[in-house]
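Letter by letter, the chains look like this.
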Amino acid sequence: LTRRALAQRPEIAALRHNIEAAEAGIKLARSARQPRVNLEARYALQTPTAIEPLTSVAGGVTVTFPIADGAVTAHSVQEAQERLGQLRSGLTAQEQGIELEVEQQRLAMADARARIELAHRAVDAARQAYEITLARLDRGRAVQVEVENSRLSLQRALSDVAAAENDLRVAHARLARALGDAVPGAEPLVEPAPRNGKRR
């Protein structure tokens, strides 16, 4: 997941592009220290008369040594190197932050899935308790207050399921954003496999 995020996040791509540009800038600044060689060649054809054409060929080499610009060039190279170091440090920090973000959302999704499973079990237990309380009420062995308490416990368990499923959706969306993917919509999530052949 981390490799995928680092390959897709636009800010990482921008930082790497800036690093490449800074490295090219250092090479360019260092090249200013090197002597420059210019080659020049000329060819001329003159015809003072139609019978006596005159041709001439000339060439030259110019070598320039940057003696007076040494301090300026050294300063430019130093600035470019410092800029490159800052960019590399920023890239490392950004990569570590993305790795942490991905791991946090992955753990959040795993925690939400575990909570959903536990909440479904609590719903099963609360529903059975509610049904038992209703049966006891029919037989005169329970009072209406016990039925209301059982119904309230069932509603709380159902609410816990909804809250855990919402947390899973939020963690899923945040993980997609951390990976650089398109944030998913509100499509239904796959529920845990039902137990005893019963669908929740």
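Per chain, residue numbering runs from 1 following the sequence as it is written. This being a predicted model, a pLDDT of at least 70 is required before a residue's local features are given, and a value of 80 or more before pairs of side-chain atoms are given or counted; all residues contribute to the totals for chains, interfaces and linings. Values shown for side chains rest on all heavy atoms present in the structure; no hydrogens or waters enter the calculation.

S.K.: Tell me about the overall build of the protein, residues and numbers included.
M.R.: Helix and strand counts for the protein stand at four helices and two strands. Secondary structure follows DSSP: runs of H or I at least 4 residues long count as helices, runs of E at least 2 residues long count as strands, and numbering of each begins at the N terminus. Reading the secondary structure of the protein in the N-to-C direction produces α-α-β-β-α-α. Only protein chains enter the accessibility calculation, which uses a 1.4 Å probe. A residue is then buried if its area is under 20% of the maximum for its type, exposed if over 50%, and partly exposed in between. Looking at the 200 residues of the protein, the share that counts as buried comes to 22%. Sequence separation of at least 24 residues holds for 67% of the intrachain contacts in the protein that already meet a minimum separation of 6. Surface exposure of the protein reaches about 14,300 Å², of which carbon and sulfur atoms provide 54%. Only heavy atoms enter the contact rule, under which two residues are in contact if any of them lie within 4.5 Å. Note on areas: Shrake-Rupley with a 1.4 Å probe; residue coverage comes only from the protein chains shown.

S.K.: Any details on the pattern of salt bridges? Residues and values, ideally.
M.R.: Salt bridges are defined by distance alone: a side-chain nitrogen of Lys or Arg within 4 Å of a carboxyl oxygen of Asp or Glu. This model, assessed by the stated rule, comprises 11 salt bridges. A salt bridge links aspartate 111 to arginine 115, with the shortest nitrogen-to-oxygen separation between them at 3.9 Å. On the criterion of helical spacing, the pair formed by aspartate 111 and arginine 115 is a turn pair, its members being four residues apart in helix α3 (residues 70-138). By relative accessible area, which is 43% here, aspartate 111 ends up partly exposed. With relative accessibility at 33%, the residue arginine 115 sits in the partly exposed group. Measuring nitrogen to oxygen at the nearest pair gives 3.6 Å for the salt bridge that ties arginine 121 to glutamate 117.

S.K.: Give me the lowdown on the side chain of threonine 133, citing residues and values where you can.
M.R.: Relative to the elements of secondary structure, threonine 133 occurs in helix α3. On the accessibility criterion, threonine 133 (8% relative accessible area) is buried. Here the side chain of threonine 133 touches serine 150 through a polar contact of 2.9 Å, side chain to side chain. Here threonine 133 is in contact with Ala142, Glu146, Val147 and Ser150, once residues within four sequence places are set aside. Pairs of N or O atoms are called polar contacts if they sit within 3.5 Å, as long as, within protein, a hydrogen donor faces a hydrogen acceptor (for residues adjacent in sequence, only side-chain-to-side-chain pairs).

S.K.: How would you summarise helix α2 (residues 10-31) if you had to cite specific residues and measurements?
M.R.: Turn by turn, an α-helix covers 3.6 residues, leaving residues three or four places apart pointing in a common direction. Between the first and last C-alpha of α2 there are 32 Å, a value that for 22 residues agrees with the 32 Å anticipated at 1.5 Å per step. Along α2, the residues classified as buried are Ile12, Leu15, Ile19, Ala22, Ile26 and Ala29. The buried residues of α2 all sit within an arc of 100° when viewed along its axis, so they share a single face. Turned more than 90 degrees away from the buried face of α2, the exposed residues are Pro10, His17, Glu20, Lys27 and Leu28. One less than the number of residues in a helix, times 1.5 Å, gives the span that helix is expected to have. Arc definition: it is the arc formed by the directions from the helix axis to the C-beta atoms.

S.K.: Help me get a handle on the nonpolar core, residues and values and all.
M.R.: Core analysis: the biggest nonpolar cluster contains 22 residues, and Ile98 and Val102 have the highest contact counts within it. Broken down by secondary-structure element, the contributors of at least two residues to this core are α1 (2-8), α2, α3 and α4 (144-179). Ranked by residue count, the leading element in this core is α3, at nine residues. Not counting residues up to four positions away in its chain, the partners in contact with isoleucine 98 are Ala5, Leu6, Arg9, Glu11, Ile12 and Ala178. Counting residues in hydrophobic clusters, the runner-up holds eight residues, among them Ala119, Val123, Tyr130 and Val147. The definition of a nonpolar core used throughout is a set of buried Ala, Val, Leu, Ile, Met, Phe, Trp, Tyr and Cys residues joined through side-chain atoms within 4.5 Å.

From the geometry alone we can't say anything about function, so treat these as descriptive.
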